[in-house]
Amino acid sequence: MTITEGPQPRRYRTSERTVILVIILAVLCFYALCFVSKVHEVRVSSLPDYMYMYIPHLPEERSATATRSTARAQAILDRLAENAAIQSAERDAWFDAARAHHVRHRKENANLARLDLSTFYGGIMLQPSSTCPADLVKTSSVRDIFDGGKWLCGASLLGGTSAYSHRPCVVYSLGCNFETSFERTVQEISGGRCDVHVYDPTLRPPAKVKAFAEEMKQERIYLHEVAVRGTSGHSTIRIGDKEYESQGIGTMFESNGHDCVDILKFDVEGAEYDILEDTDWSSLCIGMILFELHGGMIRDQRGVDYTVKDGIRHVRRLEEAGFQHYKTEQVWVGGHAQAELAFVNYTWLLPALEGV
C-alpha cells in the first residue's frame, strides 16, 4: 500500500528566523528601558516640586547604561538623605523635654534649648546630619586667611565639562567688604565660566567702589549696591545709621533673570538672622547654600541671646526645604558663636555621581 504524506508545515528560512529573533529582542529591550525609566521616576517622585529643576533631563540618545547609572546615583543620594533625616529627628528630640522620663531630665533638656549657641553644647548640636558624597573643596585654608574659606560640595559641576556646561554657572555672594577670595577661587575652579553677582551696599568711598566694580567686571563678577532682606520683594533696610535699598533673595534672582543658581553664599555680619528666619527656601532652586553664622552679632543687634534652639530652628528650616547639612566649621576663635555652615541640594549633585 502506498502511503501519501500530508501537507508539511512550512519551514522558515534562516534569514526569516533571524528577522523574527531581532524583532523579539527589540521588543524585550524596549520594555527593559521602560522599566529602568520607571525606576528613575519613582526615585525622584518624592522630591519637592521646585527641586525637579535640577534633575538632569536625559536626552533620548543616551544609552540605557547611562539611565541605570543615574538610577544608582539617585539610590545613593536617597539613602544618604534618609540617614540624615534619622539623625536630624534624634537631634530635635533633645528639645522635646516633655518626653523625658525623669523630672530632672526634663529640666535639663529644657535648659539645653535656652543655652547660648556659643556653649559647648551649641557646637555639638550644630554638627552636620549629612555628608558630601562628591568632590569637596575649600576655597581658602585657615593657613592663608585667618577665618578660612567656604567648603564646596561638587565643585567639579562648576566646570565646563560638567552636566551643566550648556549654561554659565551662577553664583550669588551677599556681603563682600572688598574681599573677593571666594569669588575669584570659584572662577578659578570653573575656568572663568561663572556669572558671579556680589551684593553689598555698604562699600565706601564711591571712587574706590567704582574702580572695584570695573575691575571685578573683567572677571565676570558683578557688583550690586543692594542689601539683602529676609522677605521677598523690594524695600529699604537700616544698617547702622543709613537706609539702603534691599531685596529678598528670590527677588534678586528674578531681577537678573535666574530661575536656578548654583551657589548662594552670604556673610552679612548678623543680618543672616532675618534671612534664615523669613526666607521661603522651598520656593528657591539652589545648588549649594554657604553662610557664616554670627551668634554674638545677632545677640548684640537683637538684644537677646541667640540660643541653641534658635540655631537648630534655622538649620531645620533649610533641611525641611530639602537642603542637606554637610559641613559645620568654626570661624575666627576670637568671635562669639561664629561658624561656617554648608548645605547642598542633592538633586543638583546627581550628575557628579553618575558612573558610580
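Residues numbered from 1 in each chain as written. Predicted model: local features only at pLDDT ≥ 70, side-chain atom pairs only at ≥ 80, totals over all residues. Heavy atoms only, no water.

Enquirer: Please clarify how the sheet that holds strand β7 (residues 234-239) should be interpreted in this entry.
Expert: Working definition: the strands of a sheet are paired by backbone hydrogen bonds and lie parallel or antiparallel to each other. A sheet is described by the order of its strands in space; here three strands give the open sequence β6-β8-β7, paired in mixed fashion. Every interior strand has two partners, whereas the edge strands, β6 (227-229) and β7, have only one. Taken over all neighbouring pairs, the strand axes of this sheet differ in orientation by 50° on average, direction set aside. Note: β6 against strand β8 (residues 242-248), three bridges, orientation parallel. Residue pairing in the sheet places Val 228 in a bridge with Gln 247 of β8. (Pairing = 2+ DSSP bridges. Helix = DSSP H or I, 4+ residues; strand = E, 2+ residues; numbered from the N terminus. Axes fitted to C-alpha atoms, helices over the stretch in contact; angles between N-to-C directions.)

Enquirer: Just checking my understanding: could you explain empty space enclosed by the protein for this structure?
Expert: Using a probe with the size of a water molecule, rolled over the atoms, empty space left in the structure can be pinpointed. Tallied over the full model, the rule gives one cavity of 30 Å³ or more. Quantified by volume, the largest cavity comes out at close to 40 Å³. Lining of the largest cavity is provided by Gly 149, Lys 150, Trp 151, Lys 327, Glu 329, Glu 340, Leu 341 and Ala 342. Among the secondary structure elements, those contributing two or more residues to the lining of the largest cavity are β11 (323-330) and β12 (338-345). Here the lining of the largest cavity takes three residues from β12, the largest share from any one element. Of the residues in the lining of the largest cavity, the class split is three nonpolar, one polar and four charged. (1 Å grid on protein atoms, 1.4 Å probe; cavity = no way out; pocket = protein on both sides within 12 Å on 5 of 7 lines; lining within 4 Å. Points joined across faces, edges and corners; volume = space filled by probe spheres on them. Nonpolar A, V, L, I, M, F, W, Y, C, P; charged D, E, K, R; others polar.)

Enquirer: Is there a simple way to explain the side chain of Glu 272 in this structure?
Expert: Within the secondary structure, Glu 272 sits in helix α8 (residues 272-278). As a buried residue without a salt bridge, Glu 272 has its nearest oppositely charged side chain in Lys 150, at a separation of 9.8 Å. Ignoring anything within four residues of it in the chain, the contact list for Glu 272 reads Phe 266, Glu 292, Leu 293, His 294 and Ile 298. (Buried < 20%, exposed > 50% of the residue type's maximum accessible area, 1.4 Å probe, protein only. Lys, Arg positive; Asp, Glu negative; His and termini not counted. Salt bridge = Lys/Arg side-chain N within 4 Å of Asp/Glu carboxyl O. Contact = heavy atoms within 4.5 Å.)

Enquirer: Please explain the layout of surface pockets as it appears in this structure.
Expert: Of the pockets and cavities examined, the largest pocket occupies roughly 930 Å³. Every element with two or more residues in the lining of the largest pocket is listed here: α5 (181-190), β6, β7, α8 and α9 (295-302). In the lining of the largest pocket, the residues fall into 18 nonpolar, 12 polar and 14 charged.

Enquirer: Help me understand the packing of aromatic side chains in this model?
Expert: According to the stated counting rule, one finds nine aromatic pairs in the structure shown. Judged by centre distance (5.1 Å) and plane angle (80°), the ring pair of Phe 178 and Phe 212 falls under edge-to-face. Of this pair, Phe 178 sits in the loop between β3 (169-174) and α5 while Phe 212 is found in helix α6 (residues 206-217), placing the two residues 34 residues apart along the sequence. With centroids separated by 6.1 Å and ring planes inclined at 75°, the aromatic side chains of Tyr 273 and Tyr 306 adopt a geometry described as edge-to-face. With a gap of 33 residues between them, Tyr 273 in helix α8 and Tyr 306 in the loop between α9 and α10 (308-320) connect regions that are remote in the sequence. Both residues of the pair, Tyr 273 and Tyr 306, belong to the buried class. (Phe/Tyr/Trp six-rings, centres within 6.5 Å; stacked < 30°, edge-to-face > 60°.)

Enquirer: How do you make sense of the sheet that holds β3 when you look at a structure like this?
Expert: With mixed pairing, the seven strands of this open sheet are ordered in space as β5-β4-β3-β9-β10-β12-β11. At either end of the open sheet lies a strand with only one pairing partner, and these are β5 (221-224) and β11. Strand after strand, the sheet turns through a mean of 15° between neighbouring axes, direction not considered. Alignment of strand β10 (residues 285-294) against β12, held across seven bridges, turns out to be antiparallel. Within the sheet, the bridge partner assigned to Leu 293 lies in β12 and is Ala 339. Lying on the sheet, α10 is in contact with β10, β11 and β12; it crosses β11 at an angle near 145°. Sitting on the sheet, helix α11 (residues 346-353) is in contact with β9 (260-266), β10, β11 and β12, with an inclination near 70° to β12.

Enquirer: Hey, could you run me through the environment of Gly 311 in this one?
Expert: Counting through the fold element by element, Gly 311 comes out in helix α10. For the pair Gly 311 and Tyr 273, spaced 38 residues apart in sequence, the C-alpha to C-alpha distance is 9.4 Å.

Enquirer: What is the right way to read the nonpolar core from this model?
Expert: Soluble globular proteins tend to pack their nonpolar side chains together in the buried interior. Formed by 40 residues in total, the largest nonpolar core has its most connected members in Phe 266 and Trp 281. Those elements that place two or more of their residues in this core are α3 (103-114), β3, α7 (249-255), β9, α8, β10, α10 and β12. Not counting the four nearest positions on each side in its chain, Phe 266 is found in contact with Leu 174, Glu 272, Ile 275, Leu 276, Trp 281, Ile 289, Leu 290, Phe 291 and Glu 292. (Core = buried A, V, L, I, M, F, W, Y, C linked by side-chain atoms within 4.5 Å.)

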